[in-house]
Amino acid sequence: MDLSDYPLELPEGDRPMVRFMNVTKRYGTLTVLDRLDLDVAEGEMVTVIGPSGSGKTTVLRMLMTLETINGGVIYVDGKPLTHMEKGGKLVPANERYLRKARSSIGMCFQHFNLFPHMTALQNCMEGPVQVLGMSKSEARARSEELLEMVGMIDKKDQHPSRLSGGQQQRVAIARALAMRPKVMLFDEVTSALDPEVIGEVTNVIRQLVAEHNLTMLMVTHQMGFARDISDRICFFYQGKIEEEGPPEQLFETPQKERTQQFLSAVKDAG
Amino acid sequence: MRFDWDWEFTFEILPRLLAATVNTLIAAGLGYAIAVVLGLVFALAQRTPVRSLTFTVREVVEFIRSTPLVLQIFFVFYVGPQFGVRLSPWTAGMIAIGLHYSAYLSEVYRGGIEAVPKGQWEACRALNMSTRDTYLRIVIPQALPPSIAGMGNYLVGIFKDTPMLSVIGVAELLHTANAIGSENYRFLEPYTLVGIIFLAISLPAAGFVRLFEARVRRKLGL
Ligand SMILES: Nc1ncnc2c1ncn2[C@@H]1O[C@H](COP(=O)(O)OP(=O)(O)OP(=O)(O)O)[C@@H](O)[C@H]1O
Ligand SMILES: [Mg+2]
(Lines give C-alpha, C1' and ligand atoms only; values in the text may rest on other atoms or scores of the structure.)
(Ligands and ions follow the chains in the order given, each with its own letter.)
Protein backbone atom coordinates (compact mmCIF):
# COMPACT_ATOMS: atom_id res chain seq x y z
CA MET A 1 0.00 0.00 0.00
CA ASP A 2 1.23 3.45 -0.94
CA LEU A 3 0.84 6.44 1.38
CA SER A 4 -1.62 7.97 -1.09
CA ASP A 5 -3.96 5.02 -0.41
CA TYR A 6 -4.51 6.09 3.20
CA PRO A 7 -7.33 8.50 4.01
CA LEU A 8 -6.39 12.02 5.13
CA GLU A 9 -8.97 11.62 7.86
CA LEU A 10 -11.17 8.78 8.98
CA PRO A 11 -14.81 9.16 7.84
CA GLU A 12 -17.60 10.09 10.27
CA GLY A 13 -19.13 6.95 11.71
CA ASP A 14 -15.86 5.02 11.48
CA ARG A 15 -13.71 6.95 13.90
CA PRO A 16 -12.26 4.84 16.66
CA MET A 17 -10.18 6.77 19.20
CA VAL A 18 -7.10 4.92 17.98
CA ARG A 19 -6.55 3.12 14.72
CA PHE A 20 -3.36 1.32 13.70
CA MET A 21 -3.68 0.83 9.97
CA ASN A 22 -1.24 -1.59 8.41
CA VAL A 23 1.50 -0.45 10.79
CA THR A 24 4.99 -1.86 10.33
CA LYS A 25 7.96 -1.29 12.60
CA ARG A 26 11.43 -2.59 11.89
CA TYR A 27 14.70 -2.38 13.80
CA GLY A 28 17.31 -3.01 11.14
CA THR A 29 16.30 -6.29 9.58
CA LEU A 30 14.07 -7.34 12.48
CA THR A 31 10.38 -6.75 11.81
CA VAL A 32 8.80 -6.07 15.18
CA LEU A 33 5.31 -5.07 14.05
CA ASP A 34 4.11 -6.65 10.87
CA ARG A 35 1.28 -4.75 9.11
CA LEU A 36 -0.66 -4.38 12.34
CA ASP A 37 -4.33 -3.37 12.33
CA LEU A 38 -5.75 -2.44 15.71
CA ASP A 39 -8.68 -0.24 16.73
CA VAL A 40 -9.42 1.07 20.19
CA ALA A 41 -12.85 2.63 20.62
CA GLU A 42 -13.49 5.71 22.69
CA GLY A 43 -13.64 4.80 26.37
CA GLU A 44 -12.47 1.28 25.70
CA MET A 45 -9.85 -0.50 27.83
CA VAL A 46 -7.75 -2.81 25.71
CA THR A 47 -5.02 -4.99 27.17
CA VAL A 48 -2.19 -6.38 25.14
CA ILE A 49 -0.68 -9.67 26.29
CA GLY A 50 1.86 -11.94 24.69
CA PRO A 51 5.29 -13.48 25.01
CA SER A 52 8.42 -11.41 25.56
CA GLY A 53 9.60 -9.74 22.37
CA SER A 54 6.24 -10.01 20.63
CA GLY A 55 6.06 -6.24 20.16
CA LYS A 56 3.71 -5.19 22.99
CA THR A 57 5.85 -2.30 24.22
CA THR A 58 6.53 -1.25 20.65
CA VAL A 59 2.79 -0.78 20.02
CA LEU A 60 2.55 1.68 22.92
CA ARG A 61 5.77 3.46 22.02
CA MET A 62 4.61 3.93 18.44
CA LEU A 63 1.39 5.48 19.70
CA MET A 64 3.32 7.77 22.07
CA THR A 65 5.48 8.72 19.03
CA LEU A 66 8.61 7.60 20.83
CA GLU A 67 9.47 5.53 17.76
CA THR A 68 9.33 6.30 14.06
CA ILE A 69 7.05 4.32 11.81
CA ASN A 70 8.25 2.25 8.86
CA GLY A 71 4.92 1.55 7.21
CA GLY A 72 1.22 2.28 7.61
CA VAL A 73 -0.48 5.10 9.46
CA ILE A 74 -1.72 5.58 13.02
CA TYR A 75 -4.87 7.67 13.49
CA VAL A 76 -5.99 9.23 16.75
CA ASP A 77 -9.49 10.59 17.05
CA GLY A 78 -9.86 10.24 13.29
CA LYS A 79 -6.80 12.31 12.43
CA PRO A 80 -3.42 10.99 11.38
CA LEU A 81 -0.85 10.96 14.20
CA THR A 82 2.27 9.74 12.49
CA HIS A 83 1.62 11.61 9.25
CA MET A 84 0.36 14.97 8.14
CA GLU A 85 -1.30 16.26 5.03
CA LYS A 86 0.79 17.96 2.40
CA GLY A 87 -0.45 18.72 -1.07
CA GLY A 88 -3.49 16.50 -0.68
CA LYS A 89 -1.66 13.41 0.54
CA LEU A 90 -0.02 12.08 3.66
CA VAL A 91 3.67 12.57 4.38
CA PRO A 92 5.61 11.63 7.53
CA ALA A 93 4.82 14.14 10.28
CA ASN A 94 7.40 16.71 11.26
CA GLU A 95 8.25 17.54 14.88
CA ARG A 96 5.90 20.48 14.93
CA TYR A 97 2.94 18.45 13.79
CA LEU A 98 3.81 15.66 16.24
CA ARG A 99 3.77 18.10 19.14
CA LYS A 100 0.20 19.00 18.34
CA ALA A 101 -0.92 15.50 17.48
CA ARG A 102 0.41 13.68 20.52
CA SER A 103 -1.06 16.09 23.04
CA SER A 104 -4.08 13.80 23.45
CA ILE A 105 -1.93 10.86 24.54
CA GLY A 106 -0.37 10.14 27.92
CA MET A 107 1.88 7.32 28.99
CA CYS A 108 3.07 5.59 32.15
CA PHE A 109 6.28 3.60 32.08
CA GLN A 110 7.53 0.48 33.75
CA HIS A 111 10.23 2.45 35.57
CA PHE A 112 8.06 5.51 36.36
CA ASN A 113 10.56 8.02 34.92
CA LEU A 114 9.64 10.73 37.40
CA PHE A 115 11.85 13.80 37.38
CA PRO A 116 14.20 13.20 40.33
CA HIS A 117 14.97 16.87 40.98
CA MET A 118 11.32 17.77 41.48
CA THR A 119 8.83 16.94 44.21
CA ALA A 120 5.75 14.84 43.49
CA LEU A 121 3.69 17.99 43.13
CA GLN A 122 6.25 19.70 40.89
CA ASN A 123 6.34 16.60 38.70
CA CYS A 124 2.59 16.89 38.19
CA MET A 125 2.62 20.65 37.63
CA GLU A 126 5.48 20.65 35.13
CA GLY A 127 3.45 19.71 32.07
CA PRO A 128 0.39 21.86 32.76
CA VAL A 129 2.54 24.94 33.45
CA GLN A 130 5.26 24.55 30.82
CA VAL A 131 3.34 22.83 28.04
CA LEU A 132 -0.27 23.88 28.50
CA GLY A 133 0.66 27.35 29.73
CA MET A 134 -1.61 27.05 32.74
CA SER A 135 -1.19 29.41 35.69
CA LYS A 136 0.71 27.98 38.65
CA SER A 137 -2.25 28.19 41.00
CA GLU A 138 -4.53 26.43 38.56
CA ALA A 139 -1.93 23.74 37.84
CA ARG A 140 -1.39 23.27 41.55
CA ALA A 141 -5.09 22.81 42.17
CA ARG A 142 -5.40 20.27 39.38
CA SER A 143 -2.28 18.40 40.48
CA GLU A 144 -3.32 18.26 44.11
CA GLU A 145 -6.70 16.92 43.11
CA LEU A 146 -5.03 14.14 41.10
CA LEU A 147 -2.51 13.36 43.84
CA GLU A 148 -5.46 13.10 46.20
CA MET A 149 -7.13 10.69 43.80
CA VAL A 150 -4.08 8.41 43.64
CA GLY A 151 -3.66 8.65 47.41
CA MET A 152 -0.40 10.59 47.31
CA ILE A 153 -1.44 13.99 48.60
CA ASP A 154 0.39 13.43 51.91
CA LYS A 155 3.65 12.97 50.04
CA LYS A 156 3.25 15.79 47.55
CA ASP A 157 6.36 17.61 48.73
CA GLN A 158 8.64 14.55 48.65
CA HIS A 159 11.19 13.92 45.95
CA PRO A 160 10.91 10.59 44.08
CA SER A 161 13.99 9.20 45.82
CA ARG A 162 12.02 9.30 49.07
CA LEU A 163 9.07 7.34 47.64
CA SER A 164 8.54 3.60 47.21
CA GLY A 165 8.07 2.16 43.73
CA GLY A 166 4.32 1.91 44.14
CA GLN A 167 4.15 5.50 45.34
CA GLN A 168 6.31 6.70 42.46
CA GLN A 169 4.10 4.93 39.96
CA ARG A 170 0.99 6.53 41.44
CA VAL A 171 2.60 9.95 41.13
CA ALA A 172 3.54 9.11 37.53
CA ILE A 173 -0.10 8.28 36.79
CA ALA A 174 -1.19 11.59 38.31
CA ARG A 175 1.47 13.40 36.29
CA ALA A 176 0.21 11.88 33.04
CA LEU A 177 -3.44 12.58 33.89
CA ALA A 178 -2.64 16.22 34.68
CA MET A 179 -2.21 16.73 30.94
CA ARG A 180 -5.85 15.62 30.42
CA PRO A 181 -5.08 13.03 27.76
CA LYS A 182 -7.85 11.28 25.86
CA VAL A 183 -5.80 8.12 25.58
CA MET A 184 -3.70 6.63 28.37
CA LEU A 185 -0.99 4.06 27.80
CA PHE A 186 0.29 1.77 30.56
CA ASP A 187 3.38 -0.31 29.81
CA GLU A 188 3.85 -2.95 32.49
CA VAL A 189 3.38 -0.35 35.18
CA THR A 190 3.50 -2.98 37.92
CA SER A 191 6.40 -5.08 36.67
CA ALA A 192 9.09 -3.20 38.58
CA LEU A 193 7.12 -3.23 41.84
CA ASP A 194 7.35 -5.41 44.91
CA PRO A 195 4.38 -7.80 45.02
CA GLU A 196 2.87 -6.19 48.13
CA VAL A 197 2.50 -2.76 46.50
CA ILE A 198 1.15 -3.86 43.11
CA GLY A 199 -2.38 -3.56 44.44
CA GLU A 200 -2.07 0.15 45.20
CA VAL A 201 -1.28 0.84 41.54
CA THR A 202 -3.83 -1.54 40.03
CA ASN A 203 -6.49 -0.05 42.28
CA VAL A 204 -5.79 3.39 40.83
CA ILE A 205 -6.19 2.00 37.32
CA ARG A 206 -9.39 0.22 38.32
CA GLN A 207 -10.72 3.51 39.60
CA LEU A 208 -9.82 5.20 36.32
CA VAL A 209 -11.69 2.57 34.38
CA ALA A 210 -14.73 2.83 36.62
CA GLU A 211 -15.01 6.59 36.91
CA HIS A 212 -13.47 8.14 33.83
CA ASN A 213 -14.23 7.86 30.18
CA LEU A 214 -10.58 7.43 29.23
CA THR A 215 -9.47 5.31 26.34
CA MET A 216 -6.77 3.00 27.61
CA LEU A 217 -4.26 0.67 26.11
CA MET A 218 -2.35 -1.44 28.60
CA VAL A 219 0.41 -4.01 28.51
CA THR A 220 0.60 -6.29 31.52
CA HIS A 221 1.68 -9.73 32.63
CA GLN A 222 -0.98 -9.78 35.35
CA MET A 223 -3.62 -11.89 33.71
CA GLY A 224 -6.11 -11.69 36.57
CA PHE A 225 -6.02 -7.93 36.58
CA ALA A 226 -6.29 -7.76 32.78
CA ARG A 227 -9.27 -10.04 32.86
CA ASP A 228 -11.04 -8.01 35.55
CA ILE A 229 -10.86 -4.62 33.95
CA SER A 230 -10.40 -4.99 30.19
CA ASP A 231 -13.10 -4.68 27.59
CA ARG A 232 -10.95 -6.59 25.17
CA ILE A 233 -7.71 -8.59 25.21
CA CYS A 234 -5.27 -8.75 22.30
CA PHE A 235 -2.85 -11.62 22.26
CA PHE A 236 0.30 -10.64 20.37
CA TYR A 237 2.58 -13.09 18.69
CA GLN A 238 5.58 -12.04 16.61
CA GLY A 239 4.35 -8.54 15.88
CA LYS A 240 0.82 -9.52 14.96
CA ILE A 241 -2.47 -9.97 16.76
CA GLU A 242 -2.78 -13.70 16.90
CA GLU A 243 -6.15 -13.63 18.66
CA GLU A 244 -8.39 -11.06 20.30
CA GLY A 245 -11.70 -10.95 22.11
CA PRO A 246 -13.53 -10.19 25.33
CA PRO A 247 -11.57 -11.37 28.40
CA GLU A 248 -13.86 -14.30 29.28
CA GLN A 249 -13.69 -15.64 25.77
CA LEU A 250 -9.95 -15.21 25.35
CA PHE A 251 -9.05 -16.63 28.73
CA GLU A 252 -11.74 -19.38 28.89
CA THR A 253 -11.99 -20.56 25.33
CA PRO A 254 -8.95 -19.44 23.36
CA GLN A 255 -9.23 -20.55 19.76
CA LYS A 256 -5.62 -20.50 18.58
CA GLU A 257 -3.05 -23.00 19.66
CA ARG A 258 -0.43 -20.35 20.40
CA THR A 259 -2.84 -18.52 22.68
CA GLN A 260 -3.57 -21.74 24.54
CA GLN A 261 0.14 -22.49 24.90
CA PHE A 262 0.88 -18.99 26.16
CA LEU A 263 -1.95 -18.99 28.67
CA SER A 264 -1.07 -22.38 30.08
CA ALA A 265 2.61 -21.38 30.32
CA VAL A 266 1.58 -18.23 32.21
CA LYS A 267 -0.70 -20.27 34.47
CA ASP A 268 2.11 -22.73 35.28
CA ALA A 269 4.49 -19.89 36.06
CA GLY A 270 1.95 -17.97 38.13
CA MET B 1 75.33 32.03 42.76
CA ARG B 2 73.56 32.94 45.95
CA PHE B 3 71.01 30.72 47.63
CA ASP B 4 70.28 32.89 50.62
CA TRP B 5 66.71 34.14 50.99
CA ASP B 6 66.37 37.93 51.15
CA TRP B 7 63.40 38.80 53.38
CA GLU B 8 63.64 42.52 52.78
CA PHE B 9 63.44 41.97 49.03
CA THR B 10 60.55 39.58 49.57
CA PHE B 11 58.45 42.18 51.36
CA GLU B 12 59.43 44.78 48.82
CA ILE B 13 58.09 42.79 45.86
CA LEU B 14 55.09 41.23 47.57
CA PRO B 15 52.64 44.10 46.89
CA ARG B 16 53.48 44.02 43.19
CA LEU B 17 52.96 40.28 43.04
CA LEU B 18 49.68 40.51 44.92
CA ALA B 19 48.51 43.16 42.47
CA ALA B 20 49.43 40.78 39.64
CA THR B 21 47.51 38.02 41.42
CA VAL B 22 44.38 40.09 40.89
CA ASN B 23 45.15 40.10 37.16
CA THR B 24 45.68 36.35 37.21
CA LEU B 25 42.35 35.84 38.96
CA ILE B 26 40.59 38.15 36.49
CA ALA B 27 42.18 36.28 33.56
CA ALA B 28 41.16 32.91 34.99
CA GLY B 29 37.65 34.19 35.79
CA LEU B 30 37.03 35.74 32.38
CA GLY B 31 38.52 32.80 30.52
CA TYR B 32 36.42 30.40 32.56
CA ALA B 33 33.24 32.40 32.03
CA ILE B 34 33.80 32.19 28.27
CA ALA B 35 34.57 28.48 28.52
CA VAL B 36 31.49 27.69 30.63
CA VAL B 37 29.13 29.28 28.11
CA LEU B 38 30.92 28.35 24.89
CA GLY B 39 31.45 24.81 26.18
CA LEU B 40 27.70 24.40 26.60
CA VAL B 41 27.16 25.72 23.07
CA PHE B 42 29.69 23.17 21.76
CA ALA B 43 28.08 20.36 23.73
CA LEU B 44 24.54 21.19 22.57
CA ALA B 45 25.65 21.77 18.97
CA GLN B 46 26.91 18.20 18.93
CA ARG B 47 23.41 16.98 19.80
CA THR B 48 21.49 18.70 17.02
CA PRO B 49 20.07 16.58 14.21
CA VAL B 50 22.07 18.67 11.71
CA ARG B 51 24.79 16.18 10.83
CA SER B 52 27.20 18.66 9.23
CA LEU B 53 27.07 20.96 12.28
CA THR B 54 27.53 18.06 14.68
CA PHE B 55 30.49 16.80 12.66
CA THR B 56 32.16 20.21 12.35
CA VAL B 57 31.85 21.03 16.04
CA ARG B 58 33.11 17.57 16.98
CA GLU B 59 36.20 18.09 14.79
CA VAL B 60 36.83 21.60 16.14
CA VAL B 61 36.66 20.30 19.72
CA GLU B 62 39.03 17.45 18.88
CA PHE B 63 41.44 19.86 17.16
CA ILE B 64 41.50 22.25 20.11
CA ARG B 65 42.03 19.41 22.55
CA SER B 66 44.90 17.94 20.58
CA THR B 67 46.99 21.09 20.14
CA PRO B 68 48.92 22.99 22.85
CA LEU B 69 47.35 25.98 24.53
CA VAL B 70 50.46 28.08 24.07
CA LEU B 71 50.28 27.56 20.31
CA GLN B 72 46.65 28.67 20.31
CA ILE B 73 47.59 31.79 22.27
CA PHE B 74 50.35 32.65 19.77
CA PHE B 75 48.03 31.90 16.90
CA VAL B 76 45.26 34.24 17.99
CA PHE B 77 47.71 37.01 18.91
CA TYR B 78 50.24 36.89 16.05
CA VAL B 79 48.35 35.35 13.14
CA GLY B 80 45.23 37.44 13.68
CA PRO B 81 46.86 40.72 12.52
CA GLN B 82 47.75 39.11 9.15
CA PHE B 83 44.02 38.92 8.54
CA GLY B 84 43.42 42.37 9.89
CA VAL B 85 42.33 41.18 13.33
CA ARG B 86 44.52 43.14 15.72
CA LEU B 87 43.81 42.22 19.33
CA SER B 88 45.27 43.42 22.60
CA PRO B 89 47.19 40.77 24.59
CA TRP B 90 44.31 40.59 27.04
CA THR B 91 41.63 40.11 24.40
CA ALA B 92 43.69 37.59 22.43
CA GLY B 93 44.59 35.75 25.62
CA MET B 94 41.00 35.53 26.84
CA ILE B 95 39.79 34.29 23.46
CA ALA B 96 42.51 31.65 23.26
CA ILE B 97 42.23 30.33 26.81
CA GLY B 98 38.42 30.55 26.82
CA LEU B 99 38.21 28.63 23.55
CA HIS B 100 40.72 26.06 24.73
CA TYR B 101 38.86 25.29 27.92
CA SER B 102 35.46 25.39 26.27
CA ALA B 103 36.55 22.34 24.29
CA TYR B 104 37.31 20.51 27.52
CA LEU B 105 34.18 21.71 29.28
CA SER B 106 32.02 20.65 26.33
CA GLU B 107 33.23 17.10 26.94
CA VAL B 108 32.33 17.38 30.63
CA TYR B 109 28.82 18.56 29.74
CA ARG B 110 28.48 15.89 27.09
CA GLY B 111 29.27 13.23 29.65
CA GLY B 112 26.79 14.74 32.09
CA ILE B 113 24.03 14.93 29.49
CA GLU B 114 24.63 11.39 28.29
CA ALA B 115 24.40 10.17 31.87
CA VAL B 116 20.77 11.36 32.08
CA PRO B 117 18.68 8.18 31.62
CA LYS B 118 16.78 7.68 28.36
CA GLY B 119 13.57 7.39 30.37
CA GLN B 120 13.82 11.06 31.33
CA TRP B 121 13.80 12.12 27.69
CA GLU B 122 10.87 9.81 27.01
CA ALA B 123 8.93 11.19 29.96
CA CYS B 124 9.45 14.68 28.53
CA ARG B 125 8.15 13.54 25.20
CA ALA B 126 5.17 11.83 26.76
CA LEU B 127 4.37 15.14 28.48
CA ASN B 128 4.80 16.83 25.11
CA MET B 129 7.51 19.17 26.36
CA SER B 130 9.46 21.30 23.90
CA THR B 131 13.10 20.51 23.21
CA ARG B 132 14.04 23.74 24.94
CA ASP B 133 12.12 22.92 28.12
CA THR B 134 13.41 19.37 28.02
CA TYR B 135 16.99 20.63 28.14
CA LEU B 136 16.54 23.62 30.43
CA ARG B 137 14.16 22.12 32.97
CA ILE B 138 14.88 18.41 32.98
CA VAL B 139 18.15 17.38 31.35
CA ILE B 140 20.59 20.15 32.29
CA PRO B 141 19.58 20.27 35.98
CA GLN B 142 20.29 16.54 36.15
CA ALA B 143 23.46 16.76 34.06
CA LEU B 144 24.87 19.50 36.27
CA PRO B 145 25.74 17.72 39.55
CA PRO B 146 27.81 14.97 37.90
CA SER B 147 29.55 17.68 35.83
CA ILE B 148 30.57 19.85 38.75
CA ALA B 149 33.64 17.81 39.72
CA GLY B 150 34.96 18.00 36.15
CA MET B 151 34.08 21.66 35.87
CA GLY B 152 35.95 22.33 39.11
CA ASN B 153 39.05 20.53 37.87
CA TYR B 154 39.11 22.74 34.81
CA LEU B 155 38.57 25.85 36.90
CA VAL B 156 41.76 25.02 38.80
CA GLY B 157 43.33 24.02 35.47
CA ILE B 158 42.59 27.32 33.76
CA PHE B 159 43.96 29.17 36.80
CA LYS B 160 47.21 27.23 36.62
CA ASP B 161 47.44 27.81 32.85
CA THR B 162 47.16 31.59 33.04
CA PRO B 163 51.00 31.97 33.20
CA MET B 164 50.99 30.94 29.54
CA LEU B 165 49.47 34.32 28.82
CA SER B 166 52.83 35.84 29.82
CA VAL B 167 54.18 34.81 26.41
CA ILE B 168 52.13 37.54 24.75
CA GLY B 169 52.71 40.05 27.55
CA VAL B 170 49.63 39.80 29.74
CA ALA B 171 50.74 41.23 33.08
CA GLU B 172 49.69 38.28 35.22
CA LEU B 173 51.72 36.68 38.01
CA LEU B 174 54.47 34.98 36.08
CA HIS B 175 54.94 37.91 33.75
CA THR B 176 55.33 40.20 36.75
CA ALA B 177 57.72 37.81 38.48
CA ASN B 178 59.85 37.70 35.33
CA ALA B 179 59.95 41.48 35.21
CA ILE B 180 60.91 41.73 38.88
CA GLY B 181 63.58 39.11 38.40
CA SER B 182 65.25 40.80 35.45
CA GLU B 183 65.09 44.22 37.08
CA ASN B 184 66.84 42.97 40.24
CA TYR B 185 68.84 39.97 39.01
CA ARG B 186 67.10 37.90 41.68
CA PHE B 187 64.65 35.17 40.68
CA LEU B 188 64.51 32.97 43.77
CA GLU B 189 62.08 35.12 45.77
CA PRO B 190 59.66 36.14 42.98
CA TYR B 191 59.30 32.61 41.57
CA THR B 192 58.96 31.07 45.01
CA LEU B 193 56.28 33.57 45.93
CA VAL B 194 54.41 32.87 42.69
CA GLY B 195 54.47 29.18 43.53
CA ILE B 196 53.17 29.80 47.02
CA ILE B 197 50.40 32.07 45.77
CA PHE B 198 49.25 29.45 43.23
CA LEU B 199 49.27 26.77 45.89
CA ALA B 200 47.40 28.95 48.37
CA ILE B 201 44.61 29.47 45.86
CA SER B 202 44.43 26.07 44.12
CA LEU B 203 44.24 23.93 47.24
CA PRO B 204 41.23 25.56 48.92
CA ALA B 205 39.53 25.93 45.52
CA ALA B 206 39.42 22.16 45.08
CA GLY B 207 37.82 21.85 48.52
CA PHE B 208 35.23 24.50 47.69
CA VAL B 209 34.28 22.67 44.51
CA ARG B 210 33.51 19.54 46.52
CA LEU B 211 31.40 21.49 48.99
CA PHE B 212 29.60 23.22 46.13
CA GLU B 213 28.80 19.91 44.46
CA ALA B 214 27.26 18.54 47.65
CA ARG B 215 25.24 21.71 48.01
CA VAL B 216 23.86 21.61 44.47
CA ARG B 217 22.88 17.98 44.89
CA ARG B 218 21.03 18.80 48.08
CA LYS B 219 19.34 21.76 46.50
CA LEU B 220 18.08 19.69 43.56
CA GLY B 221 16.91 16.97 45.94
CA LEU B 222 19.11 14.38 44.25
N1 LIG C 1 15.60 0.00 20.14
C2 LIG C 1 15.58 -1.25 19.67
N3 LIG C 1 16.52 -1.68 18.82
C4 LIG C 1 16.51 -2.93 18.33
N5 LIG C 1 15.59 -3.84 18.64
C6 LIG C 1 14.62 -3.49 19.50
C7 LIG C 1 14.56 -2.18 20.05
N8 LIG C 1 13.49 -2.11 20.87
C9 LIG C 1 12.90 -3.32 20.81
N10 LIG C 1 13.57 -4.17 19.99
C11 LIG C 1 13.20 -5.55 19.67
O12 LIG C 1 11.87 -5.54 19.23
C13 LIG C 1 11.19 -6.71 19.66
C14 LIG C 1 9.90 -6.32 20.35
O15 LIG C 1 10.21 -5.59 21.50
P16 LIG C 1 9.12 -5.12 22.55
O17 LIG C 1 9.84 -4.36 23.57
O18 LIG C 1 8.01 -4.47 21.84
O19 LIG C 1 8.64 -6.51 23.15
P20 LIG C 1 7.61 -6.80 24.31
O21 LIG C 1 6.51 -7.58 23.74
O22 LIG C 1 7.27 -5.53 25.01
O23 LIG C 1 8.47 -7.74 25.27
P24 LIG C 1 8.58 -7.78 26.87
O25 LIG C 1 7.44 -8.60 27.36
O26 LIG C 1 9.88 -8.47 27.11
O27 LIG C 1 8.56 -6.38 27.38
C28 LIG C 1 12.16 -7.46 20.54
O29 LIG C 1 12.71 -8.50 19.78
C30 LIG C 1 13.21 -6.44 20.88
O31 LIG C 1 14.45 -7.06 21.05
MG1 LIG D 1 7.68 -4.69 26.91
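Just above sits the structure.
What counts, and where the lines are drawn
- Residues numbered from 1 in each chain as written.
- Chains lettered and ligands numbered in written order.
- Predicted model: local features only at pLDDT ≥ 70, side-chain atom pairs only at ≥ 80, totals over all residues.
- Heavy atoms only, no water.
- Helix = DSSP H or I, 4+ residues; strand = E, 2+ residues; numbered from the N terminus.
- Buried < 20%, exposed > 50% of the residue type's maximum accessible area, 1.4 Å probe, protein only.
- Contact = heavy atoms within 4.5 Å.
- Areas by Shrake-Rupley, 256 points an atom, 1.4 Å probe, with all protein chains shown as cover.
- Lys, Arg positive; Asp, Glu negative; His and termini not counted.
- Charge placed at Lys NZ, Arg CZ, Asp CG, Glu CD.
- Phe/Tyr/Trp six-rings, centres within 6.5 Å; stacked < 30°, edge-to-face > 60°.
- Salt bridge = Lys/Arg side-chain N within 4 Å of Asp/Glu carboxyl O.
- Pairing = 2+ DSSP bridges.
- Axes fitted to C-alpha atoms, helices over the stretch in contact; angles between N-to-C directions.

Draft legend 1. View of the overall build of chain B. Helix and strand content of chain B: eight helices and zero strands. When the helices and strands of chain B are listed from N to C terminus, the series reads α-α-α-α-α-α-α-α. Oriented by its inertia axes, the alpha-carbon framework of chain B measures out at about 75 × 45 × 25 Å. The burial tally for chain B puts 45% of its 222 residues in the buried class. The long-range share in chain B, meaning contacts at least 24 apart out of those at least 6 apart in sequence, stands at 79%. Of the roughly 11700 Å² of accessible surface on chain B, 68% is carried by carbon and sulfur atoms. Across chain B, the 19 positively charged side chains and the 15 negatively charged ones have centroids separated by 13 Å.

Draft legend 2. The arrangement of the packing of aromatic side chains in detail. Residues and elements named next belong to chain B. Taken as a whole and assessed by the stated rule, the structure comprises 11 aromatic pairs over all chains. With a centroid separation of 4.9 Å and an interplanar angle of 75°, the aromatic rings of Phe77 and Tyr78 are classed as edge-to-face. Given the relative accessible area of 46%, Tyr78 is considered partly exposed. Ring-pair connections join several aromatic residues into one group, and the members of that group are Trp5, Trp7 and Phe11.

Draft legend 3. Molecular detail of the pattern of salt bridges. Within the structure shown, the criterion is met by 29 salt bridges over all chains. Across the pair B:Glu122 and A:Arg61 runs a salt bridge whose closest N-O atoms are separated by 2.8 Å. Placement of the pair is B:Glu122 in helix H5 (residues 118-126) and A:Arg61 in helix H1 (residues 56-63), with the two residues belonging to separate chains. The salt bridge involving B:Glu62 is made with B:Arg65; its shortest N-O contact spans 3.6 Å. Here the residue B:Glu62 and the residue B:Arg65 both occupy positions in helix H2 (residues 51-66), the gap between them amounting to three residues, near one helical turn.

Draft legend 4. Highlighting the sheet that holds strand E12 (residues 240-245) of chain A. All names here are of chain A. One open sheet accounts for six strands, arranged E8-E9-E10-E3-E11-E12; its pairing is mixed. Either end of the sheet is taken by a strand with one partner, and the two such strands are strand E8 (105-108) and E12. Within the sheet, the average angular offset between the axes of one strand and its neighbour, ignoring direction, is 20°. Relative to E12, strand E11 (residues 232-237) runs antiparallel, the two sharing five bridges. In the sheet register, Tyr237 faces E12, and the bridge partner there is Lys240.

Draft legend 5. Structural detail: the sheet that holds strand E5 (residues 79-80) of chain A. All names here are of chain A. The strand order across the open sheet built from four strands is E2-E1-E4-E5, with neighbouring strands paired in antiparallel fashion. For this open sheet the edge positions go to strand E2 (30-40) and E5, each flanked by a neighbour on one side alone. Where strand E1 (residues 18-27) and strand E4 (residues 71-76) come together, five bridges link them in antiparallel fashion. Within E4, the residue paired with Arg19 across the bridge is Tyr75. Contacting E1, E2 and E4, H1 crosses the sheet at an angle of about 115° to E1.

Functional significance is not addressed by these values, which are geometric in nature.
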